[in-house]
Each structure stands twice: as structure tokens, then as C-alpha cells.
Amino acid sequence: MRKDEAMDDAAKTGSRAGGVLAATCISTLVVNANTSAVSILLPGRQKFPDHPRGFRAPMLLGLCGVGFAASLAALLVGFIPPSQFASGNPGIYVLVVGGGALGLGLLVPFLFYRSRKPSWK
């Protein structure tokens, strides 16, 4: 094996690992964006505003808005293929990252849900 062939193999391996890493990061960003969005809609804060709480977030709407916007921006940046992507076709990168994110974001929680014990209800 020539040196440039070994470099090509290393680049392909790195691009595959980068796609899996990007899919993992995107799954985490989706959870973060959902958490920010749900925090705004917490029903207890509107129904029971005088209930004593452990802490108060004075600008909850602003904090959650910034958190959601940052997560969304980072999520979109995650779909931009890096310059080291060996295939060169951005569509393949988007499919790998999107498929991995869907697999990690939907398949794993669904498996946890299916394997739950009846006593957990």
C-alpha cells in the first residue's frame, strides 16, 4: 500500500467518524432545543405564579429564546460537510448525519420505551 493510499483510507475513516459524531451532536442539540421550548410553556408557572420555587429565572422567556436560537443555529451548522469529507458529495453527508441523528434521536428512545417495566408506569 502506498503512502497516499493509506492517507486516503485514513481520510475516509475520519469522515465516517465525523459523520457519526455530528449525528450525536445533532441529537443532543435537538434535546436542548426542545428543553428550551418546553421551559417557556411550563404550565405550572402560568397557573400557579405565587407557588414557592427553589429558584427564579427572571427573564425565562429571553433565556429560553436565546438557548433555542443557539441550538437551532448549531443544528443547522452541523449539516454543513467539513472539508475533510472524502466523498465530496454533500448529499451523502447530509444523509449520513440526518440518518444517524434520526436513529439516535428516535430509535434509541423508542427501544427504551418498548423495554420499560410495567412497574414504571
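In this text the structure is predicted, and so the values were computed from the model without any measurement. (Residues numbered from 1 in each chain as written. Predicted model: local features only at pLDDT ≥ 70, side-chain atom pairs only at ≥ 80, totals over all residues. Heavy atoms only, no water.)

Q: Any chance you could explain the overall build of the chain here in plain terms?
A: In terms of helices and strands, the chain carries 4 helices and 0 strands. When the helices and strands of the chain are listed from N to C terminus, the series reads α-α-α-α. The long-range share in the chain, meaning contacts at least 24 apart out of those at least 6 apart in sequence, stands at 66%. Split by element, the accessible area of the chain, about 9200 Å² in all, is 71% carbon and sulfur. (Helix = DSSP H or I, 4+ residues; strand = E, 2+ residues; numbered from the N terminus. Contact = heavy atoms within 4.5 Å. Areas by Shrake-Rupley, 256 points an atom, 1.4 Å probe, with all protein chains shown as cover.)

Q: Honestly, the packing of aromatic side chains in this entry has me stumped. Any pointers?
A: Aromatic ring pairs: the centre-centre distance and the angle between the two ring planes describe each pair. This structure, assessed with the given rule, holds 0 aromatic pairs. Just above the ring of Y113 sits the side chain of R116; from NZ or CZ to the centre is 4.0 Å. (Phe/Tyr/Trp six-rings, centres within 6.5 Å; stacked < 30°, edge-to-face > 60°. Lys NZ or Arg CZ within 6 Å of the ring centre and 35° of its normal.)

Q: Could you clarify how one ought to interpret a nonpolar patch on the surface in this entry?
A: On the surface, L107, F110, L111 and Y113 cluster together to form a nonpolar patch covering roughly 440 Å² of accessible area. Tracing the backbone shows Y113 in helix α4 (residues 90–114). (Patch = residues over 30% accessible without salt bridge, like charges linked within 9 Å, V, L, I, M, F, W, Y side chains within 5 Å. Salt bridge = Lys/Arg side-chain N within 4 Å of Asp/Glu carboxyl O.)

Q: Whenever I open this one, the nonpolar core confuses me. Can you help?
A: The tendency in soluble globular proteins is for nonpolar side chains to be buried side by side. Counting residues in hydrophobic clusters, the biggest one holds 8 residues: A22, I26, L29, L75, F85, Y93, V97 and A101. Mapped by element, the contributors of at least two residues to this core are α1 (3–40) and α4. When sequence neighbours within four positions are dropped, the list of residues in contact with A101 reads A23, I26, S27 and L106. (Core = buried A, V, L, I, M, F, W, Y, C linked by side-chain atoms within 4.5 Å. Buried < 20%, exposed > 50% of the residue type's maximum accessible area, 1.4 Å probe, protein only.)

Q: Honestly, the side chain of S71 in this entry has me stumped. Any pointers?
A: If you trace the backbone, S71 turns up in helix α3 (residues 60–77). Within polar-contact distance, the side chain of S71 engages the side chain of N32 at 3.2 Å. Discounting chain neighbours no more than four positions away, the residues touching S71 are L29, N32 and A33. (Polar contact = N/O pair within 3.5 Å; in protein donor to acceptor, adjacent residues only side chain to side chain.)

Q: What am I meant to see in the environment of G99 here?
A: As for its position among the elements, G99 is in helix α4. Given the relative accessible area of 41%, G99 is considered partly exposed.

Q: Just checking my understanding: could you explain the confidence of the model for the chain for this structure?
A: The predicted coordinates should not be examined in detail at positions where pLDDT is low. Residues with a pLDDT of 70 or more make up 81% of the chain, whose mean pLDDT is 77. Least confident of the elements in the chain is α1, whose mean pLDDT is 68; most confident is α3, at 88. Every residue in residues 6–11 scores below 50 in pLDDT, and together they form 4 contacts with partners more than four places removed in sequence or on other chains. (pLDDT = per-residue confidence, 0-100.)

Q: I keep staring at the environment of L75 and nothing clicks. Help me out?
A: Residue placement: L75 occurs in helix α3. Ignoring any residue separated from it by four or fewer positions in sequence, one finds L75 in contact with I26, L29 and V30.

Q: Just checking my understanding: could you explain α3 for this structure?
A: Helical periodicity: at 3.6 residues per turn, an α-helix aligns residues three or four positions apart in one direction. Between its terminal C-alpha atoms α3 stretches 26 Å, which fits the 26 Å expected from 18 residues at 1.5 Å a residue. When α3 is considered as a whole, its buried residues turn out to be C64, S71 and L75. Down the axis of α3, the smallest arc covering the buried residues is 40°, so these residues share one side. Among the exposed residues of α3, those oriented more than 90 degrees off its buried face are V66, L76 and V77. (Expected span 1.5 Å × (residues − 1). Arc of directions from axis to C-beta.)

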